[in-house]
Amino acid sequence: MDKIRKRNLAVGGICLGLAVIGYANSGNNVLFYFVGLLAMVFAILFLLMALNKQSRFVADVKTEKMPEEVLENVEDYLVKELKFKLKNYKGTLVYQKGDGFWLQKKCVLVDTSHNQLVHIEAWVSAIWQNENDFTGYVGTVPKKRLKKQVEQLMTRIK
């Protein structure tokens with residue numbers, strides 16, 4: 001189990017404990033009730049993140065185009081239309097949108113080094129979570145949006 005999943009599991013357990021304490025002490029005190037309710041929401045969120053699959057979407061697309069033409073199509077679509085930026089992510093150049101703090105970071109890696117085969121990896125992440133492919137409960141809306149964008153990119157590359 002990686003470090004982020006362990007942390008999410010620990011924070012979820014702590015929040016669950018706080019929720020129990022808040023509810024147990026709520027009695028006639030509304031403040032303890034709301035603290036318990038808020039802690040329960042965070043407990044559920046962090047436990048779902050700990051159970052979430054941590055990986056990337058990976059696809060290989062066969063194409064008849066030259067690598068330069070593929071990269072031109074990728075640049076036209078991701079950079080010019082969707083406003084992704086080329087950034088260094090853990091030593092690799094990827095197309096990225098969002099900073100991972102206010103908006104989930106959406107990343108797309110395109111590798112044209114294979115002969116007539118374009119390797120694509122896509123994932124979303126945030127400061128409080130690891131890389132996620134298009135499955136799982138956390139960040140459903142950004143995942144669906146990125147999946148549609150990657151599918152559109154794959155049709156443009158073919």
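Residues numbered from 1 in each chain as written. Predicted model: local features only at pLDDT ≥ 70, side-chain atom pairs only at ≥ 80, totals over all residues. Heavy atoms only, no water.

The subject of this paragraph is the UniProt feature "transmembrane region" (unreviewed entry) in the protein chain. Within this structure's numbering, the places UniProt gives as "transmembrane region" (unreviewed entry) are residues 7-24 and 30-51. This span, residues 7-24, is 100% helix and 0% strand, and a straight line between its end C-alpha atoms measures 26 Å. (UniProt positions renumbered as here; feature names shortened; annotations may be inferred. Helix = DSSP H or I, 4+ residues; strand = E, 2+ residues; numbered from the N terminus.)

Before going further, it helps to spend a moment on empty space enclosed by the protein. Evaluation of the coordinates by the stated rule reveals one cavity of 30 Å³ or more. The computed volume of the largest cavity comes to approximately 50 Å³. Lining the largest cavity are Thr63, Lys65, Met66, Pro67, Val70, Thr112, His114, Gln116, Leu117 and Val118. Looking at the lining of the largest cavity, the elements with two or more residues in it are α3 (67-81), β4 (105-114) and β5 (117-126). Class assignment for the residues of the lining of the largest cavity results in five nonpolar, four polar and one charged. (1 Å grid on protein atoms, 1.4 Å probe; cavity = no way out; pocket = protein on both sides within 12 Å on 5 of 7 lines; lining within 4 Å. Points joined across faces, edges and corners; volume = space filled by probe spheres on them. Nonpolar A, V, L, I, M, F, W, Y, C, P; charged D, E, K, R; others polar.)

This part is about the nonpolar core. Of all hydrophobic cores here, the largest spans 20 residues; its most connected members are Val74, Leu78, Val108, Ile120, Leu153 and Ile157. Those elements that place two or more of their residues in this core are β1 (57-62), α3, β4, β5 and α4 (140-157). Of all the elements, α4 adds the most residues to this core, at five residues. For Leu78, the residues in contact, after removing those within four places along its chain, are Lys83, Phe84, Tyr95, Val108 and Leu153. (Core = buried A, V, L, I, M, F, W, Y, C linked by side-chain atoms within 4.5 Å. Buried < 20%, exposed > 50% of the residue type's maximum accessible area, 1.4 Å probe, protein only. Contact = heavy atoms within 4.5 Å.)

A few words on the pattern of salt bridges. Summed over the entire model, instances satisfying the criterion amount to two salt bridges. Among the ionic pairs, Lys80 bridges to Asp76, the shortest N-O distance being 3.2 Å. Linking Lys80 with Asp76, this pair stays in helix α3, spanning four residues, or about one helical turn. For Lys80, a relative accessible area of 57% gives the class exposed. What makes Asp76 partly exposed here is its relative accessible area of 26%. One salt bridge in this structure joins Arg156 and Glu81, with 3.0 Å as the shortest N-O distance. Taken together, the positions of Arg156 in helix α4 and Glu81 in helix α3 put the pair 75 residues apart, joining distant regions of the chain. For Glu81, a relative accessible area of 45% puts it in the partly exposed group. (Salt bridge = Lys/Arg side-chain N within 4 Å of Asp/Glu carboxyl O.)

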